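# Structure assessment
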Amino acid sequence: MAEAHQAVAFQFTVTPDGVDFQLSREALKHVYLSTISSWKKRFARIKNSILTGVFPATPSSWLVVVMTTMTSIYCRVDVSMGLIFRIQNYLPRSRYLGIRSRTLLSGMLFSTGVWLSGILLCRQTLKLLLSYHGWMFEPHGKMSRSTRLWAVSCSLGLGARGSQTGRPMGLDPERRCSPLNPALAGGDRAAFRGTLSAQQVSDWWEEYIYLRGRSPIMVNSNYYVMDFLYMSPTKQQAARAGNAVHSILLYRRRLDREEIPPVMALSLVPMCSYQMERMFNTTRIPGQERDTLQHLSDSKHLAVFHRGRFYKVWLYHAGRLLSPRDLEMQFQHILDDLSFPEPGEERLAALTAGDRVPWAEARAKYFSHGKNKASLDAIERAAFFLTLDEEAQGFDKEREDSLDRYSKSLLHGYCCDRWFDKSFTLVVYRNGKLGANMEHSWADAPVIGHLWEFMLATDQFQLGYGDGGHCQGVPNTGLAPPQRLKWDIPEECRSVINASYQLARELADDVDFCCFQFIDFGKGLIKRCRTSPDAFIQISLQLAHFRVRRPAACYPPPAPTQRAGSPPCPHRAGRLPPSCPHRRAERLRLFQTAANKHQLLYRLAMTGAGIDRHLFCLYVVSRYLGVDSPFLAQVLSEPWRLSTSQTPQQQIKMFDLEKNPDHVSSGGGFGPVADDGYGVSYIIAGENLITFHISSKHSSPETDSKRFGKNIQQAMLDIAALFNVPLKKMEN
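Report follows, based on the coordinates.

Each value, and the rule that gives it
- Residues numbered from 1 in each chain as written.
- Predicted model: local features only at pLDDT ≥ 70, side-chain atom pairs only at ≥ 80, totals over all residues.
- Heavy atoms only, no water.
- Phe/Tyr/Trp six-rings, centres within 6.5 Å; stacked < 30°, edge-to-face > 60°.
- Helix = DSSP H or I, 4+ residues; strand = E, 2+ residues; numbered from the N terminus.
- Buried < 20%, exposed > 50% of the residue type's maximum accessible area, 1.4 Å probe, protein only.
- Salt bridge = Lys/Arg side-chain N within 4 Å of Asp/Glu carboxyl O.
- Patch = residues over 30% accessible without salt bridge, like charges linked within 9 Å, V, L, I, M, F, W, Y side chains within 5 Å.
- Areas by Shrake-Rupley, 256 points an atom, 1.4 Å probe, with all protein chains shown as cover.
- Axes fitted to C-alpha atoms, helices over the stretch in contact; angles between N-to-C directions.
- Parallel < 35°, antiparallel > 145°, perpendicular 65-115°, else oblique.
- Left-handed = near helix turned anticlockwise from the far one by under 90°.
- Contact = heavy atoms within 4.5 Å.
- Nonpolar A, V, L, I, M, F, W, Y, C, P; charged D, E, K, R; others polar.
- Core = buried A, V, L, I, M, F, W, Y, C linked by side-chain atoms within 4.5 Å.
- Pairing = 2+ DSSP bridges.
- Expected span 1.5 Å × (residues − 1).
- Bend = angle between axes of the 7 residues up to and from the residue.
- Polar contact = N/O pair within 3.5 Å; in protein donor to acceptor, adjacent residues only side chain to side chain.

Our focus in this paragraph is the packing of aromatic side chains. The full count for this structure, using the stated rule, is 26 aromatic pairs. Note on Tyr406 and Tyr429: the rings are 6.0 Å apart at their centroids and 75° apart in plane angle, and the pair reads as edge-to-face. Highlighted residues: Tyr406 in helix 12 (residues 402-411) and Tyr429 in the loop between strand 13 (424-428) and strand 14 (434-438), separated in sequence by 23 residues. Like Tyr406, the residue Tyr429 is buried in the burial classification. Ring geometry for Phe518 and Phe521: centres 4.9 Å apart, planes at 85°, overall edge-to-face. Under the relative-accessibility criterion, Phe521 is labelled buried at 0%.

Take the pattern of salt bridges next. Scanning the entire structure with this criterion turns up 29 salt bridges. The salt bridge partner of Asp459 is Arg240, with a shortest N-O separation of 2.7 Å. Remark: Arg240 occurs in helix 8 (residues 237-256) and Asp459 occurs in helix 13 (residues 445-463); sequence separation between them is 219 residues. By relative accessible area, Asp459 is classed as buried at 0%. Put simply, Asp676 and Arg641 hold a salt bridge, and the shortest N to O gap is 3.0 Å. Here the residue Asp676 occupies a position in the loop between strand 18 (668-670) and strand 19 (678-684), and Arg641 occupies one in the loop between helix 19 (630-637) and strand 17 (642-646), the gap between them amounting to 35 residues. A single salt-bridge network, built from bridges that share partners, covers Arg214, Arg284, Asp291, Arg356, Asp421 and Glu439.

Time to look at a nonpolar patch on the surface. A contiguous nonpolar patch, built from Trp39, Phe43, Ile46 and Ile50 and spanning about 430 Å² of accessible area, is present on the exposed surface. Along the chain, Ile46 turns up in helix 2 (residues 25-53).

On to the packing of helix 10 (residues 356-366) against helix 14 (residues 491-509), then. Contact geometry of helix 10 with helix 14 gives a least axis separation of 11 Å together with a crossing angle of 160°. Judged by the angle between their axes, helix 10 and helix 14 are roughly antiparallel. Where helix 10 crosses over helix 14, the two elements pack in a sense that is left-handed. Contact residues: helix 10 offers Pro358, Ala362, Lys365 and Tyr366, while helix 14 offers Glu492, Cys493 and Val496. Its residues placed into classes, the contact of helix 10 with helix 14 shows five nonpolar, no polar and two charged.

What follows covers the nonpolar core. Among the nonpolar cores identified, the biggest contains 50 residues, and Val245, Phe331 and Phe384 are the most heavily contacted of them. Leave out the neighbours within four places in its chain, and Val245 touches Leu302, Leu315, Leu327, Phe331, Phe384, Leu386 and Leu426. If you look at the next biggest cluster of nonpolar residues, it comprises 33 residues, including Ala535, Tyr678, Met716 and Ala720.

Our focus in this paragraph is the sheet that holds strand 15 (residues 483-484). Overall, mixed pairing links the eight strands, which are arranged 15-9-8-12-13-14-3-18 in an open sheet. In this open sheet, the two edge strands, each paired with only one partner strand, are strand 15 and strand 18. Seen against the sheet, helix 12 touches strand 3 (223-226), strand 13, strand 14 and strand 18 and runs at an angle of roughly 130° to strand 3.

On to helix 12. In terms of burial, helix 12 is largely enclosed, as eight of its ten residues are buried. In the segment just after helix 12, Gly413 is the residue with positive phi, at about 55°.

Quick look at helix 13 now. Helix length check: helix 13, at 19 residues, gives a terminal C-alpha distance of 25 Å against a target of 27 Å (1.5 Å per residue), a fit within 8%. Within helix 13, the axis deviates most sharply at Ala457, by approximately 30°. Directly beyond the C-terminal end of helix 13, a positive phi value near 70° is found at Gly464.

Turning our attention to the sheet that holds strand 20 (residues 690-697). Within a sheet, adjacent strands bond to each other through the backbone by hydrogen bonds, running parallel or antiparallel. Read from one edge to the other, the open sheet built from four strands follows the order 16-20-19-17, with strand pairing classed as mixed. A strand with exactly one partner marks an edge of an open sheet, and here the two such strands are strand 16 (511-518) and strand 17. Pairs of neighbouring strands in the sheet enclose a mean axial angle of 15°, with direction left out of account. Sheet topology note: the strand 19/strand 20 ladder contains six bridges and is antiparallel. By the bridge assignment for strand 20, Val680 is matched with Ile694.

With that out of the way, let us pick up the side chain of Asn243. Locating Asn243 in the fold gives a position in helix 8. Among the residues examined, Asn243 registers a relative accessible area of 0% and is labelled buried. Here Asn243 is in contact with Pro324, Asp459, Leu463, Gly464, Tyr465 and Cys471, once residues within four sequence places are set aside.

Moving on: unusual backbone geometry. Cis geometry marks the peptide bond from Phe55 to Pro56, where omega comes out at 10°. Within the fold, Pro56 resides in the loop between helix 2 and helix 3 (59-74). Positioned with a positive phi, Arg307 is a non-glycine residue whose angle comes to about 50°. Positionally, Arg307 belongs in the loop between strand 8 (301-306) and strand 9 (309-314). Phi at Ala318 is positive, roughly 55°, even though this residue is not glycine. Turning to its location among the elements, Ala318 is positioned in the loop between strand 10 (316-317) and strand 11 (320-321).

Right, let's talk about the pairing of strand 9 for a bit. Burial runs high along strand 9: five of the six residues are buried. Relative to strand 9, strand 8 runs antiparallel, the two sharing six bridges. The residue bridging His301 from the neighbouring strand is Trp314, located in strand 9. Taking the residues that link successive antiparallel strands as the turn, the strand 8-strand 9 hairpin has two residues, and the phi of Arg307 there is positive, at about 50°. Note that strand 9 and strand 15 share two bridges and pair antiparallel. Counted as the bridge partner of Lys312 is Gln483 from strand 15.

Consecutive side chains of a regular strand alternate in pointing toward one face of the sheet and then the other. Along strand 12 (residues 385-388), one buried face is formed by Phe385 and Thr387 and the opposite face, lined by Leu386 and Leu388, is buried too. Relative to strand 12, strand 8 is paired through three bridges, and the arrangement is parallel. The partner of Ala303 across the bridge, within strand 12, is Phe385. Two strands pair when backbone bridges link them, and strand 12 and strand 13 are joined in this way by four bridges, in the parallel orientation. Along strand 13, the bridge assignment pairs Phe385 with Thr425.

With that settled, the discussion passes to the side chain of Asp417. As for its position among the elements, Asp417 is in the loop between helix 12 and strand 13. Its relative accessible area of 7% is what places Asp417 among the buried residues. For Asp417, the side chain forms a polar contact with the main-chain nitrogen of Tyr414, separated by 3.0 Å. Aside from chain neighbours lying at most four places away, what touches Asp417 is Phe305, Thr387, Asp389 and His412.

Structure (structure tokens):
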């Protein structure tokens, strides 16, 4: 009962002689230190609010302006052109406010006005500078005079300021639709121009695309990210969890203090960081018609799942963050616990994997009171969710399907061992490998990728491991052990849980996954071809998909093969053989045209001119106004049979990937968007490796992930052959 006595600062007992109070010094110490820690956080937030409010200036710059003005007054130099004396005339006259005091006060008021005017002028200037997107459309290796002037202006005005806080300073945090924040993502081209804000576009997209969906979010919406591809820092499951959780909490602390600089394009333009605010302490709450996102300002505990049981682990002790060794000890307590799950507890998380309406109804009926509500609150109000998995996963050279199994485990697991509603679920396997499953509505993949890179680098290169693969340091054996969550789940609720589990199991079993490494070449060869790596891969995906959908179309029909002005071709009378130089040149020209078009569309989307948000907003407004638009209904109902995504790499350079090639990331992936389509994610890792994650459904006779993977590899090789660059050169 020692931990119970430490939970309260005092106890009292009513006796015939009166009330007997018993104070706990240890508990009082914990309360005191926790209060100090809480106030430190408040003061840090107040400080950051002040710094953000006066950006791009600083409080010290106000003092400089005031001192300059006072010095000019002392030297009898009127820099205000008479404004100081006019302000002085408006000040009240009293015996307590002499002429000198009134002069000083009017000088301070004038200085403050000048300082605030300078802030507003700098902000507007920065907004104008960041609204320039011409730099994105410049040819590779070339820069126009206007772009050079813009770059110099940005470096002078933003270079020293843009990394002060986690949010891009000088920008309105509500303008958050476009990746390049100042641009309005498509809304400025709509018929309701001037009445639609960027915030509305973002809110509509979040609500109608994500939160109003009633189908399972597992596989259909959530996505995953993997560990290092080749190496494992330790084989100790509890130790890896300890270092990983501690690294993630260090990131959260920096995020709360706004110490994380935004990702910069060209080292000049800050990317929107708004989505980072809901990375932690966030849960998707099911509803009858729509879900909601519950976000808390802070959370001091972690929800943990292991072998069908749920635990609550405190992350702080005496106002301090638990060390990796302390966390390892807490997780080892859970691994060593031999207790059995309570009735209905083992598959409880399947409610988050099934349809949303049954989960909303069950939550309102069975989890709105008593111990069930308390335990559910512990999960939903946790910083994030941790699963200590019983399996061993990761890349294994001896098993061809090792990455396939690894992907499926992270995407859906056993459908009841991940809390799919949490912002993210960290999964640590028995052999020390790890990964994460993310809920999609609160942010896109690059946001969690930023956290993931920080966690992996901090775990391996800063925290490290000691003897036997354990975390560094000595554990505090006086910590209270993890708290086992209690449930009282009736038979009716268990039936709902089992129904959700069966639905989720069918969905998971239908997922056909293929994850493979493309090692013939990487971005090094692609850059030699003077082509964007992303455009190269995207066109390869289109070619592979074209061949899969239309097998006979890989051979072009007879067609005119000579353009005006081209040299005569000996094969112009019929079909050109593959070895014909004219055919290769024509294909290379078409490829370059397609690559340039892809780059143009990509840049337009980055600058807020993408068509998806534009058409989506038109559709929402047409429904609101009761206007029937067959065009919009048809366009927005078309299935996305090929959905692709690139996992960002090295957003934060905490280690040199060239010097540590074994620490390359495996990337991540997602489920198929259409029943008869493919979901493809890829990561360009280093100069000689590209990892693909391909998903489809077994139930579709038109899809086969492994077959599509082979077509992707062949398409990559075929396009590379157009440039006539030997692949063996990449071995250097």
